[in-house]
Amino acid sequence: MATKRIVVLISGSGSNLQALIDATASGRIDGRIVSVISNRPDAFGLERARRAGIKAESLDHKTFASRETFDAALQSLIDSHEPDLVVLAGFMRILTPEFVSHYLGRMFNIHPSLLPRYKGLQTHQRALDAGDAEHGCTVHFVTPELDGGPLIVQAVVPVQAGDDANSLQQRVHEREHEIYPLAVEWFCADRLRLLPQGVEFDGHPLPATGHRLDA
Ligand code: NHR
Ligand code: GAR
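In what follows, the accompanying structure is described. Source: prediction; values computed, not measured. (Residues numbered from 1 in each chain as written. Chains lettered and ligands numbered in written order. Predicted model: local features only at pLDDT ≥ 70, side-chain atom pairs only at ≥ 80, totals over all residues. Heavy atoms only, no water.)

**Observations regarding the pattern of salt bridges**
Taken as a whole, this structure holds 12 salt bridges when the rule is applied. Residue aspartate 132 is joined to arginine 117 by a salt bridge in which the shortest nitrogen-to-oxygen separation is 2.7 Å. Linking aspartate 132 in the loop between α5 (123–129) and β6 (134–141) with arginine 117 in the loop between β5 (107–111) and α5, this pair joins segments that are 15 residues apart in sequence. When the shortest N-O distance is used, the salt bridge between glutamate 178 and arginine 175 registers 3.1 Å. Here glutamate 178 pairs with arginine 175, and both are found in helix α6 (residues 165–188), just three residues apart, close to one helical turn. The exposure class of arginine 175 is buried, given its relative accessible area of 14%. Because the salt bridges share partners, they merge into one network encompassing Glu47, Arg50 and Arg51. (Salt bridge = Lys/Arg side-chain N within 4 Å of Asp/Glu carboxyl O. Helix = DSSP H or I, 4+ residues; strand = E, 2+ residues; numbered from the N terminus. Buried < 20%, exposed > 50% of the residue type's maximum accessible area, 1.4 Å probe, protein only.)

Take a look at the structure:
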């Protein structure tokens, strides 16, 4: 079992990237982040990568005529690094079915809700508006259906009296930094596989909610 090659895609602050950098540096993840790629040239996450001695690259989606041409360029850049795993860590561009199919079974996303609830954006406000008692975050395999791929692990965050979208987002973020390194650790130890019927963990099927870490 060789050390896995990981490419991380970001659009912003990169705090999830930082959690992954820390977990590879400590040896907990048997993987090496070979490149960090941002669609926004000014993303702070690129600075985090440079500070850790990791290659930092940007591919500005605004300089492409279409989603298809952007995704094709992104795919060639990623593939030049020969990754075993592609990690979306706050990457904010919807990806074409062609791109997603190319990485099927080797691309993860982290989403700030207890999927299948609240696919898409503004998840914290939507959970509050619905009066939910519980919110959280989910790591899933990426499939062409937006935020619809098979779940790997979720962490539950109780909604507290007086929460607004900001306070809730902060507590969800802390748990993202716990479950993303965990999911990547499992993948790099060859413990996770995407099969046509769902996710397999240590040779056994995972339930549809993935692993669920309570509050
Ligand atoms: N692509 C596919 N095909 N499948 C998924 O599951 C994906 C994906 C691309 C990104 C992350 C996702 C999330 O976790 C993700 C999962 C961006 C948008 C969005 O509407 C929605 C969901 C996600 C990421 N983006 C706008 C767009 O037009 C741009 C918004 C912006 O730039 O701020 O691409 O939530
Ligand atoms: C995270 O909360 C992640 O779940 C969310 O963006 C944030 C990125 O934070 N992702 C999405 O909303 C995807 N559409 P980070 O840059 O500090 O890791």
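**Some thoughts on the site of ligand 1**
In the vicinity of ligand 1 there are 20 residues, among which Arg67, Met92, Asn109, His111 and Asp147 approach most closely. Residue leucine 95 places a main-chain N or O atom 3.0 Å away from a nitrogen atom belonging to ligand 1. Backbone polar atom of threonine 143 to a nitrogen atom of ligand 1: 3.0 Å apart, as the coordinates give it. The fraction of the free accessible surface of ligand 1 (730 Å²) that becomes covered by protein chains is 84%. The element contributing the most residues to the shell around ligand 1 is β5, with three residues. (Near = heavy atom within 4 Å. Polar contact = N/O pair within 3.5 Å; in protein donor to acceptor, adjacent residues only side chain to side chain. Areas by Shrake-Rupley, 256 points an atom, 1.4 Å probe, with all protein chains shown as cover.)

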